[in-house]
Amino acid sequence: RLFFAFVMLVCFAVAFASEPVAEIVFDKTTHDFGTFSDKDAVVSCVFSFKNTGDVPLVINQALASCGCTVPSYTSEPILPGKKGDIKITYNGKGRYPGHFKKIITVTSNAKTRIVRLYIEGNMTSGEEKQ
């Protein structure tokens, strides 16, 4: 009886361990805009990723740490082996010049459910010499 219970436990462990999953792999997780003027205060970048898993990848949410940063992404599932993008737009209009660093938290159905992306830069006043 004990042997049978042990065999069942091992079978369940193997079945759940080999369950196919999606996996998200980004080409980079940080983007530096460098120095830019507040006269051109809206800047954007793209984070590309690939689904290296076995099932379609679904991005559930991308949340920025501030209202000045807006992420946009496709709501369509990304098939295994295919690529996708998350576009991040930072709007520095009305913000104080200087260095900034923002975090975008991406949640998905991937094995690694939460991934954090980072953007940073230095916005200068249009009156300053660059």
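It should be emphasised that the depicted structure is a prediction, and the values quoted were computed from it without experimental measurement.

A.B. asks: Looking at this structure, how should I read the overall build of the protein?
C.D. replies: Assigned secondary structure in the protein consists of one helix and eight strands. Each helix (α) and strand (β) of the protein, taken in turn from the N terminus, gives the series α-β-β-β-β-β-β-β-β. Over its C-alpha trace the protein gives a radius of gyration of 21 Å, far above what one expects of a compact globule, namely 14 Å for 130 residues. Summed over all atoms, the accessible surface of the protein reaches about 8400 Å², with 56% contributed by carbon and sulfur. Of the charged side chains in the protein, 15 are positive and 12 negative, and the gap between their average positions amounts to 4 Å.

A.B. asks: What is the right way to read the side chain of Asn51 from this model?
C.D. replies: Secondary-structure assignment places Asn51 in strand E3 (residues 42-51). Once residues lying within four places of it in the same chain are set aside, the contact partners of Asn51 are Ala22, Glu23, Pro56, Leu57, Ile78, Leu79, Pro80, Gly81 and Lys82.

A.B. asks: Would you explain the pairing of E3 in this entry?
C.D. replies: Alternating residues of E3 divide into Val43, Cys45, Phe47, Phe49 and Asn51, all buried, and Val42, Ser44, Val46, Ser48 and Lys50, none buried. Both strand E1 (residues 24-26) and E3 contribute to a ladder of three bridges, which runs antiparallel. Note on E3: the bridge partner recorded for Ile24 is Asn51. Judged from the nine bridges that link them, E3 and strand E6 (residues 83-91) form a sheet pairing that is antiparallel. Within E6, the position partnered with Val46 by the bridge is Lys87.

A.B. asks: Honestly, the sheet that holds E1 in this entry has me stumped. Any pointers?
C.D. replies: The pairing of strands in a sheet happens through backbone hydrogen bonds and is either parallel or antiparallel. An order of E1-E3-E6-E5 is seen for the four strands of this open sheet, with the pairing classed as antiparallel. Across the chains shown, the open sheet's two edge strands, defined by having one partner strand only, are E1 and strand E5 (69-73). Recorded for the sheet is a direction-independent mean angle of 30 degrees between the axes of neighbouring strands.

A.B. asks: What is the right way to read the packing of aromatic side chains from this model?
C.D. replies: Aromatic ring pairs are described here by two measures, namely the spacing of the ring centres and the angle between the planes. In the structure shown here, the tally under the stated rule is six aromatic pairs. When the centroid spacing of 6.4 Å and the interplanar angle of 75 degrees are considered together, the rings of Phe33 and Phe36 count as edge-to-face. Ring centres of Phe36 and Tyr90 lie 6.5 Å apart, and the angle between their planes is 75 degrees; this geometry places the pair in the edge-to-face category. Placement of the pair is Phe36 in strand E2 (residues 30-37) and Tyr90 in strand E6, with a sequence separation of 54 residues.

What counts, and where the lines are drawn
Residues numbered from 1 in each chain as written. Predicted model: local features only at pLDDT ≥ 70, side-chain atom pairs only at ≥ 80, totals over all residues. Heavy atoms only, no water. Helix = DSSP H or I, 4+ residues; strand = E, 2+ residues; numbered from the N terminus. Rg over C-alpha atoms; globule rule 2.2 N^0.38 Å. Areas by Shrake-Rupley, 256 points an atom, 1.4 Å probe, with all protein chains shown as cover. Lys, Arg positive; Asp, Glu negative; His and termini not counted. Charge placed at Lys NZ, Arg CZ, Asp CG, Glu CD. Contact = heavy atoms within 4.5 Å. Buried < 20%, exposed > 50% of the residue type's maximum accessible area, 1.4 Å probe, protein only. Pairing = 2+ DSSP bridges. Axes fitted to C-alpha atoms, helices over the stretch in contact; angles between N-to-C directions. Phe/Tyr/Trp six-rings, centres within 6.5 Å; stacked < 30°, edge-to-face > 60°.

Treat this as a map of the structure, not an account of what it does.
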